[in-house]
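The chain contents come next:
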Amino acid sequence: MPPKKPADKNAKKPAAGGKADKKGKGDDAKGGITQVKVRHILCEKEAKLMEAVNLIKSGKTFNSVAQSHSEDKARVSSGLLGYIGRGDMVQEFTDRAFNQPIGVVSEPFRTQFGYHIILVEDKK
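Fair warning: this is a prediction, and the values are worked out from it, not measured in the lab.

S.K.: Mind showing me how you'd approach the overall build of the protein here?
M.R.: Helix and strand content of the protein: three helices and four strands. Listing the helices and strands of the protein from first to last along the sequence gives β-α-α-β-α-β-β. Long-range pairs, those at least 24 residues apart, make up 60% of the contacts in the protein with a sequence separation of at least 6. With the model as given, the accessible surface of the protein reaches about 7,800 Å², and the carbon-plus-sulfur share is 50%.

S.K.: It is not clear to me how the packing of aromatic side chains should be interpreted in this structure. Could you clarify?
M.R.: Any pair of aromatic rings gets described here by the distance separating the centres and the angle formed by the planes. All told, the structure shown has one aromatic pair when counted by the stated rule. Here the guanidinium or amino end of Arg86 rests over the ring plane of Phe98, the centre of that ring lying 4.0 Å away.

S.K.: Help me understand the nonpolar core in this model?
M.R.: A general feature of soluble globular proteins is that nonpolar side chains tend to end up buried together. Counting residues in hydrophobic clusters, the biggest one holds 13 residues, and the most contacted among them are Val36, Val38, Leu81, Ile84, Phe93 and Ile118. Elements that contribute at least two residues to this core include exactly β1 (35–43), β2 (80–85), α3 (91–99) and β4 (114–123). Ranked by the residues each element gives to this core, the list is headed by α3, at three residues. Apart from residues no more than four positions distant in its own chain, Val38 is found in contact with Gly79, Leu80, Leu81, Gly82, Ile84, Phe93, Ile118, Leu119 and Val120. Ile41, Leu49, Ile56 and Phe62 belong to the second largest nonpolar core, which has twelve residues in total.

S.K.: Would you mind going over the environment of Lys48 with me for this structure?
M.R.: Relative to the assigned elements, Lys48 resides in helix α1 (residues 46–57). In this structure, the C-alpha to C-alpha distance between Lys48 and Ser70, residues 22 residues apart in sequence, is 9.0 Å. Lys48 has contacts with Cys43, His69 and Glu71, leaving out every residue within four places of it along the chain. Within the structure, Lys48 has its side chain in polar contact with the side chain of Glu71 (distance 3.3 Å).

S.K.: Where do I start with the side chain of Arg39 in this structure?
M.R.: Positionally, Arg39 belongs in strand β1. Of note is the side chain of Arg39, whose polar atom sits 3.4 Å from the side chain of Asn63. Sequence-distant contacts of Arg39, that is, excluding residues within four places in its chain, are made with Phe62, Asn63, Ser77, Ser78, Gly79, Leu80, Leu81, Ile117, Ile118, Leu119 and Glu121.

S.K.: For this particular structure, what's the right way to read the pattern of salt bridges?
M.R.: Oppositely charged side chains are able to pair whenever their charged atoms sit close together. Within the structure shown, the criterion is met by three salt bridges. For Glu121, the salt bridge is made with Arg39, and the minimal N-O distance between the two is 2.6 Å. Pair noted here: Glu121 is in strand β4 and Arg39 is in strand β1, with a separation of 82 residues, a long-range link. Across the salt bridge formed by Lys48 and Glu71, the nearest N and O atoms sit 3.3 Å from each other. Of this pair, Lys48 sits in helix α1 while Glu71 is found in the loop between α2 (62–69) and β2, placing the two residues 23 residues apart along the sequence. Under the relative-accessibility criterion, Lys48 is labelled partly exposed at 25%. Taking the relative accessible area as the measure of exposure, Glu71 reaches 38% and is therefore partly exposed. Residues joined by salt bridges that share partners form a network here, namely Lys37, Arg39 and Glu121.

Rules of the game
- Residues numbered from 1 in each chain as written.
- Predicted model: local features only at pLDDT ≥ 70, side-chain atom pairs only at ≥ 80, totals over all residues.
- Heavy atoms only, no water.
- Helix = DSSP H or I, 4+ residues; strand = E, 2+ residues; numbered from the N terminus.
- Contact = heavy atoms within 4.5 Å.
- Areas by Shrake-Rupley, 256 points an atom, 1.4 Å probe, with all protein chains shown as cover.
- Phe/Tyr/Trp six-rings, centres within 6.5 Å; stacked < 30°, edge-to-face > 60°.
- Lys NZ or Arg CZ within 6 Å of the ring centre and 35° of its normal.
- Core = buried A, V, L, I, M, F, W, Y, C linked by side-chain atoms within 4.5 Å.
- Buried < 20%, exposed > 50% of the residue type's maximum accessible area, 1.4 Å probe, protein only.
- Polar contact = N/O pair within 3.5 Å; in protein donor to acceptor, adjacent residues only side chain to side chain.
- Salt bridge = Lys/Arg side-chain N within 4 Å of Asp/Glu carboxyl O.

Below, the structure written as structure tokens:
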């Protein structure tokens, strides 16, 4: 799984009372989406990822193929990474996740961690 970036020491702290200001919830400079719920399959070799793609195209579920083919620790949760925000993952991954339609398996893409396909399940 692509690592998260270190926390920004200059990030705005929640308002007094311990809760973040909800006024801007969901607002973002890029279309209002601030988080996406995503699953992924990560393989070191492109050929293994293409096996996974072909299994999904033949009718296997993304979740089951993630369990059998993904090479990272998210495989035990069927590839679920949960909700991610902008900047939580490497740029290539974030760009794909935020631009991918809900419920559609992405085209394969490469990052420094290997070859990926993703499935976005929700946006907020």
